[in-house]
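Descriptive analysis of the structure
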Amino acid sequence: MSERAAPFHCPYCGDEDLRPGEQGHGAWECAACSRAFQLKFLGLLAPGTSSNTPGREEI
């Protein structure tokens, strides 16, 4: 992944006033709630391992 993936809204307050953070790749800062967070790509899931697979119950 060569370009930075941008979130559409803050995961804490839902505001869209986000700016890249100074902490490095994947870091974002929300101007509305003054929180900083980091996004991280973990990898691709194998088919059938998603938590939203039909028939799979969450506890």
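Below, the structure is looked at part by part. None of these values were measured; they are calculated from a predicted model.

A separate point is the state of the cysteines. For the structure shown, the criterion picks out zero disulfides. Its sulfur unpaired, cysteine 10 is 3.8 Å from the next cysteine sulfur, which belongs to cysteine 33.

Taken as a whole and judged by the stated rule, the model has one salt bridge. Measuring nitrogen to oxygen at the nearest pair gives 3.5 Å for the salt bridge that ties aspartate 17 to arginine 19. What makes arginine 19 partly exposed here is its relative accessible area of 46%.

Turning next to the sheet that holds strand β2 (residues 27-30). Pairing within the open sheet is antiparallel, and its three strands lie in the order β1-β2-β3. Edge positions in the open sheet fall to β1 (18-20) and β3 (36-38), since each of these has one partner strand only. For this sheet, the mean angle separating the axes of adjacent strands, direction not counted, is 30 degrees. Direction of pairing for β2 relative to β3: antiparallel, over a ladder of three bridges. Along β3, the bridge assignment pairs alanine 27 with glutamine 38.

About the criteria used
Residues numbered from 1 in each chain as written. Predicted model: local features only at pLDDT ≥ 70, side-chain atom pairs only at ≥ 80, totals over all residues. Heavy atoms only, no water. Disulfide = S-S within 2.5 Å. Salt bridge = Lys/Arg side-chain N within 4 Å of Asp/Glu carboxyl O. Buried < 20%, exposed > 50% of the residue type's maximum accessible area, 1.4 Å probe, protein only. Pairing = 2+ DSSP bridges. Helix = DSSP H or I, 4+ residues; strand = E, 2+ residues; numbered from the N terminus. Axes fitted to C-alpha atoms, helices over the stretch in contact; angles between N-to-C directions.

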